[in-house]
Amino acid sequence: MMLKCYDCMQEAKENEAVSVCIVCGKGLCMEHVKVLEVPMKGGTYPLPHKMLKKGLPRMVCQECVDTILGPGFCV
Ligand SMILES: [Zn+2]
Ligand SMILES: [Zn+2]
């Protein structure tokens, strides 16, 4: 079963997801996925720690970027 991009479905489009948001878990296509470049500073990072294996890309959806990290955060 192929995962579809959730954000595309909201726009009545259908795209294959290339990744999932590590925060809410919904599927995301290349167009909608956001890759965070987050400096690993001690203790203040808002996401669950075990999901943040060093060296792995941190894929999140736009919604989670906005709600968790705030507008204007680097994407
Ligand atoms: Zn999409
Ligand atoms: Zn999300």
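Residues numbered from 1 in each chain as written. Chains lettered and ligands numbered in written order. Predicted model: local features only at pLDDT ≥ 70, side-chain atom pairs only at ≥ 80, totals over all residues.

Some remarks on the overall build of the chain
Link 1 in the chain: Helices and strands together make up the secondary structure of the chain, namely two helices and four strands.
Link 2 in the chain: When the elements of the chain are put in sequence order from the N terminus, they spell out α-β-β-β-β-α.
Link 3 in the chain: Across the 75 residues in the chain, those meeting the buried criterion constitute 17%.
Link 4 in the chain: Sequence-distant contacts in the chain: of pairs separated by 6 or more residues, those separated by 24 or more amount to 46%. (Helix = DSSP H or I, 4+ residues; strand = E, 2+ residues; numbered from the N terminus. Buried ≥ 20, exposed ≤ 12 C-beta atoms within 10 Å, placed from the backbone. Contact = placed C-beta atoms within 7 Å.)

Let's talk about the nonpolar core
Link 1 in the chain: Counting nine residues, the largest nonpolar core is built from Cys5, Tyr6, Ala17, Cys21, Val23, Leu28, Val33, Val60 and Cys61.
Link 2 in the chain: Those residues in contact with Ala17 that lie beyond four places of it in its chain are Leu3, Lys4, Cys5, Gly27, Leu28 and Cys29. (Core = buried A, V, L, I, M, F, W, Y, C linked by C-beta atoms within 7 Å.)

What about the environment of Arg58?
Link 1 in the chain: Tracing the chain through its elements places Arg58 in strand E4 (residues 58-60).
Link 2 in the chain: Judged by local crowding, Arg58 falls into the partly exposed class, with 16 C-beta atoms found within 10 Å.
Link 3 in the chain: Arg58 sits 23 residues away from Val35 along the chain, and the two C-alpha atoms are 5.5 Å apart.

Describing unusual backbone geometry
Link 1 in the chain: Of note in this structure, Ala12 is not a glycine but carries a positive phi near 60°.
Link 2 in the chain: Position of Ala12 among the secondary structure elements: in the loop between helix H1 (6-10) and strand E1 (19-20).
Link 3 in the chain: Assessed through the 6 C-beta atoms surrounding it within 10 Å, Ala12 is described here as exposed.

Observations regarding the environment of Met2
Link 1 in the chain: Relative to the assigned elements, Met2 resides in the segment before H1.
Link 2 in the chain: With 6 C-beta atoms counted inside 10 Å, the residue Met2 sits in the exposed group.
Link 3 in the chain: Taking the C-alpha atoms as reference points, Met2 and Glu16, separated by 14 residues in sequence, lie 6.8 Å from one another.

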